[in-house]
Amino acid sequence: MSFDEDTACVWKDNECLDFKELEEQIAQIVDNGNLEEMLRIQLSELEMLQSMFSNPGEFSVYDHSVIADINEFVDGKSTVYPPQLDFTISLFIDKAKLEVCVNLPHDYPANEPDIYVRSDKLDRNQQHTLNSDLANYISTLDRGEICICSAISWLQENASRYHVESNPIANTEPTVNLNDENDSNFTRLWIYSHHIYSKVKRREILDLANEFNITGFCLPGRPGIICAEGLARDCNEWWQKVKCMNWKKIMCKKKEITNINSNSIDSLRKFPTFQEISFDCGKSKSMEYHMDMGELYRYLAEHNCSYVFKDYFGVDGRTSTNSQH
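Computed from a predicted model, the values in this text were never measured in an experiment.

Draft legend 1. Spotlight on the confidence of the model for the chain. Summary statistics for the chain give a mean pLDDT of 79 and a share of 77% for residues scoring 70 or more. Below a pLDDT of 50 lies the segment residues 1-23, which in the model reaches 46 contacts outside its immediate sequence neighbourhood of four places, other chains included.

Set out below in structure tokens:
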């Protein structure tokens, strides 16, 4: 289920569009037996990876309580869907350390894992090229089969060729030729992702926003919502790097362009900084946290951009009836 631009949504007058209800419907569609089996496979693969990378610092799980939650779910001791598994594998290739950050969706291995690689030996362009090529490789593998080991093998064989010593001439950033992407235009991008869960991606999005002087927000969850605003060239470069990450689905739903003229850049911004925001309503019996759509609409309204709600969801927004604001 996704919200494409042509999706028609029905919203009754006395109801709020709430992802709790939508996620509950999704949960009813999912075969719990299949889900439990996939989570068992994940636990088995996790155990195998821990034995393969058993030296200190090689393997790290972000939150060990998640493993206990998954075990309780697959053993039938809990009906609450557990959080997703996040872990990091450290590889040393040609004296360079690579951090392989992995997030497993509940339906992995039926669906692709979320893998992102970073290294202080790679510049931004090298790192994003590596991740883009890794994502392409993973997409060629058979779904339904575990693939973290295959991804690790690919990195061990190929990662070294992405590390090229800096050359001031060779690494000059290419000039962006699109007409609207110059320093006389201010741009605001409204981005939709199928989901944003990975802690690494979320940190990378924040770091890139700081690097390119981007303001706006990132709302993680399912779906994930991002607003990025700044000089057109900066926004374009930021967006190109974010797109290079391994996503199930990500798109720019709306692009606003304003000629700067005599205006200051800051006067055109709707957001003073770039930050991660959250409107969790608590955990439902579904797979992950859902967002309070009324609170999202209120947040947008507070920043004079409530109009974009309909671009995202196909309906006019409204604030939550239980809002305390």
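After presenting the structure, the write-up continues.
Draft legend 2. Examining a nonpolar patch on the surface more closely. A grouping of Met48, Met52 and Ile146 is seen on the molecular surface, where their side chains present a nonpolar patch of about 240 Å² in accessible area. Relative to the elements of secondary structure, Met52 occurs in helix α2 (residues 32-52). By relative accessible area, Met52 is classed as partly exposed at 44%.

Draft legend 3. Looking closely at the pairing of strand β4 (residues 114-118). For β4, the buried fraction is high: five of the five residues fall into the buried class. Alternating positions in β4 separate into two faces, Asp114, Tyr116 and Arg118 on one and Ile115 and Val117 on the other, with burial throughout. The sheet contact formed by strand β3 (residues 96-104) and β4 spans five bridges and is antiparallel. Each residue of the ladder has a partner; that of Glu99, found in β4, is Arg118.

Draft legend 4. Layout of the pairing of strand β5 (residues 185-193). Of all nine residues that make up β5, nine are buried, and the element is covered over most of its length. Alternating residues of β5 divide into Asn185, Thr187, Leu189, Ile191 and Ser193 and Phe186, Arg188, Trp190 and Tyr192, and every residue in both groups is buried. With nine bridges connecting them, β5 and strand β8 (residues 250-259) associate as antiparallel partners. Of the residues in β8, the one forming a bridge with Tyr192 is Met251. Alignment of β5 against strand β7 (residues 224-231), held across eight bridges, turns out to be antiparallel. The partner of Trp190 across the bridge, within β7, is Cys227.

Draft legend 5. The arrangement of the environment of Pro109 in detail. With respect to the secondary-structure elements, Pro109 resides in the loop between β3 and β4. Relative accessible area serves as the criterion here: at 2%, Pro109 is assigned to the buried category. Considering only alpha carbons, one finds Pro109 and Ile148, 39 residues apart in sequence, at a separation of 9.7 Å. Setting aside its immediate chain neighbours within four residues, Pro109 contacts Met38, Ile41, Arg143, Gly144, Glu145 and Ile146.

Draft legend 6. Geometry of helix α7 (residues 232-243). Between its first and last C-alpha, α7 extends 16 Å over twelve residues, near the 16 Å set by a 1.5 Å rise per residue. For α7, every residue scored as buried is listed here: Ala232, Cys235, Asn236, Glu237, Trp238, Trp239, Lys241 and Val242. Buried residues along α7 sit in contact with α4 (124-139), β5, α6 (199-211), β7 and β8.

Draft legend 7. Up close: the packing of aromatic side chains. Evaluation of the coordinates by the stated rule reveals 13 aromatic pairs. When the ring of Tyr137 is compared with that of Trp154, the centres are 5.8 Å apart and the planes differ by 20°; the resulting orientation is stacked. Pair noted here: Tyr137 is in helix α4 and Trp154 is in helix α5 (residues 148-158), with a separation of 17 residues, a long-range link. By relative accessible area, Trp154 is classed as buried at 12%. Between Tyr312 and Phe313, the ring centres sit 5.8 Å apart and the planes meet at 40°, which makes this aromatic pair tilted. Side by side, Tyr312 and Phe313 carry an identical accessibility label, which is buried. Members of the aromatic cluster, connected to one another through ring pairs, are Trp190, Phe217, Phe271, Tyr297, Tyr299, Phe309, Tyr312 and Phe313.

Draft legend 8. Local environment of the packing of α4 against α6. Between α4 and α6, the shortest axis-to-axis distance is 14 Å and the interhelical angle comes to 145°. In terms of crossing hand, the pair formed by α4 and α6 is left-handed. The residues of α6 that touch α4, namely those facing Arg124, Gln127 and His128, are Glu204, Asp207, Leu208 and Glu211. In the contact of α4 with α6, the residues fall into one nonpolar, two polar and four charged.

Draft legend 9. Region of the structure containing the sheet that holds strand β1 (residues 59-61). Taken together, the four strands give an open sheet; going across it, the order is β1-β2-β3-β4, and neighbouring strands pair in antiparallel fashion. Edge strands, defined here as strands with exactly one partner in the open sheet, are β1 and β4. For this sheet, the mean angle separating the axes of adjacent strands, direction not counted, is 20°. Bridge analysis of strand β2 (residues 85-93) against β3 gives nine bridges, and the strand direction is antiparallel. What sits directly across from Leu91, in β3, is Leu98. Sheet strands in contact with α4 are β3 and β4, and its direction is about 150° off that of β4.

How each quantity is defined
Once a new chain begins, its residue numbering starts again from 1 and follows that chain's sequence as written. Residues qualify for local features only when their pLDDT is at least 70, as the model is predicted, and side-chain atom pairs are given and counted only at 80 or more; totals for whole chains, interfaces and linings, by contrast, use all residues. As a convention, hydrogens and water are excluded, and side-chain values are obtained from all of the structure's heavy atoms. What pLDDT reports is the predictor's confidence in each residue, on a scale of 0 through 100. Residue contacts follow a heavy-atom distance rule, with two residues in contact if any of their heavy atoms lie within 4.5 Å. The patches reported here contain residues having more than 30% relative accessible area and no salt bridge. Joining distances are 9 Å for like charges and 5 Å for nonpolar side chains (Val, Leu, Ile, Met, Phe, Trp, Tyr). Accessible surface area values rest on a Shrake-Rupley calculation with a 1.4 Å probe, where residue burial reflects the displayed protein chains alone. Salt bridges are defined by distance alone: a side-chain nitrogen of Lys or Arg within 4 Å of a carboxyl oxygen of Asp or Glu. A run of DSSP states H or I qualifies as a helix once it reaches four residues; a run of E qualifies as a strand once it reaches two. Both are numbered from the N-terminal end. With a 1.4 Å probe rolled over the protein chains alone, any residue whose accessible area is under 20% of its type maximum counts as buried; one over 50% counts as exposed, and the rest are partly exposed. Only when DSSP finds a minimum of two bridges between them are two strands counted as paired. In a helix, the anticipated span is given by 1.5 Å times the number of residues less one. Here is the rule: rings of Phe, Tyr and Trp (six-membered ring for Trp) pair when centre to centre is within 6.5 Å. Planes less than 30 degrees apart are stacked, more than 60 are edge-to-face, and the remainder are tilted. In this analysis, axes come from line fits to C-alpha atoms, helices being fitted only over the stretch in contact, and the angle between any two N-to-C directions falls in the range 0 to 180 degrees. If you view the pair so one helix is near and one far, a crossing is left-handed when the near helix is turned anticlockwise from the far one by less than a right angle, and right-handed when it is turned clockwise. Nonpolar residues are Ala, Val, Leu, Ile, Met, Phe, Trp, Tyr, Cys and Pro. Charged residues are Asp, Glu, Lys and Arg, and all others, Gly as well, are polar.

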